[in-house]
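Spelled out, the chains give:
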Amino acid sequence: KSVVDPKKIELEKKSARLLELQKKQNVYDNQKEQKGESLTTEETEELRRLFIEINAPLAQQSQKETGILASIIMAQAILEGKAGSSKLALEANNYFGVKHYKHCKKKFMNSNFECCMLQANDHPSDRFKKYNSVLESFEDHARTLQNKRYKKCFECGDDYECWIREIVKAGYATDPEYPKKIIGL
């Protein structure tokens, strides 16, 4: 006899609803010029709430293991991955817009990329890493912030505003509004 775990069923329902909202937002983002239907304010709040509820344990575990604030991890994933509704998040489990520089070179331009996907960003043929899971994306993000160039972040302790300022100073983001956007979340 199998025992039904109500918590697991509830998590599956929430995950399904989150995916539904992420896809709807992605369609809108990609069809703005065609006046696609955007999420309502309530749906946007639900999207963020579910994204946080489902993924916060990953960020909290990462904080325990690495010292990187869970609030920073989640805010960056919400902003950069549009709470999982960006094309990169939906198609590549890339929640932080991590580019792939090593293995996906121009000579592979017409190949079927397994390790990365092409998407115009700073350049028309930018390559972004593909991950097998959200967890892999979060782990790679943590490895990035553990690089010595982000050493000053760890001197910030629990001060998330200091973290963001130091992340930007170290070259993580080029958008001058990045700290304001992250802190606003």
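Residues numbered from 1 in each chain as written. Predicted model: local features only at pLDDT ≥ 70, side-chain atom pairs only at ≥ 80, totals over all residues. Heavy atoms only, no water.

## Points about the packing of aromatic side chains
Link 1 in the chain: Enumeration according to the criterion identifies six aromatic pairs in this entry.
Link 2 in the chain: With a centroid separation of 5.3 Å and 70 degrees between ring planes, the pair formed by F96 and F138 is classed as edge-to-face. Within this pair, whereas F96 is found in the loop between α4 (87-92) and β1 (116-118), its partner F138 is found in helix α5 (residues 134-145), the two being separated by 42 residues in sequence. Comparing F96 with F138 shows no difference in burial state: the two are buried.
Link 3 in the chain: Ring plane angle 70 degrees and centroid distance 5.0 Å describe the contact between F154 and W163, whose orientation is recorded as edge-to-face.
Link 4 in the chain: On the accessibility criterion, F154 (33% relative accessible area) is partly exposed.
Link 5 in the chain: Looking at W163, the relative accessible area reads 1%, which means it is buried.
Link 6 in the chain: A network of ring pairs unites the aromatic residues F51, Y95, F96 and F138 as a single cluster. (Phe/Tyr/Trp six-rings, centres within 6.5 Å; stacked < 30°, edge-to-face > 60°. Helix = DSSP H or I, 4+ residues; strand = E, 2+ residues; numbered from the N terminus. Buried < 20%, exposed > 50% of the residue type's maximum accessible area, 1.4 Å probe, protein only.)

## As for unusual backbone geometry
The phi torsion of most residues other than glycine is negative, and most of the peptide bonds are trans.
Link 1 in the chain: One non-glycine residue, A83, adopts positive backbone phi at about 55 degrees.
Link 2 in the chain: Assignment of secondary structure puts A83 in the loop between α3 (70-80) and α4.
Link 3 in the chain: Positive phi outside glycine occurs at N93, with the angle close to 55 degrees.
Link 4 in the chain: Among the secondary structure elements, N93 is positioned in the loop between α4 and β1.

## Regarding α3
Link 1 in the chain: In terms of burial, α3 is a largely internal element, eight of the eleven residues being buried.
Link 2 in the chain: Looking at α3, one finds that the buried residues are A70, I72, I73, M74, A75, Q76, A77 and I78.
Link 3 in the chain: Buried residues along α3 sit against α2 (41-66), α5, α6 (160-169) and α7 (178-184).
Link 4 in the chain: A positive backbone phi angle near 50 degrees is found at K82, which sits one or two residues after α3. (Contact = heavy atoms within 4.5 Å.)

## Quick word on the pattern of salt bridges
Link 1 in the chain: In the structure shown here, the tally under the stated rule is ten salt bridges.
Link 2 in the chain: With a closest N to O distance of 2.8 Å, E20 and R17 form a salt bridge. Taken as a pair, E20 and R17 lie in helix α1 (residues 6-30) at a separation of three residues, close to a single helical turn.
Link 3 in the chain: Given the relative accessible area of 49%, E20 is considered partly exposed.
Link 4 in the chain: D140 is the salt-bridge partner of R143, the closest N and O atoms lying 3.4 Å from each other. On the criterion of helical spacing, the pair formed by R143 and D140 is a turn pair, its members being three residues apart in helix α5.
Link 5 in the chain: Exposure remark for D140: the relative accessible area of 7% places this residue in the buried category. (Salt bridge = Lys/Arg side-chain N within 4 Å of Asp/Glu carboxyl O.)

Interpretation note: all reported values are geometric properties and have no functional meaning in isolation.
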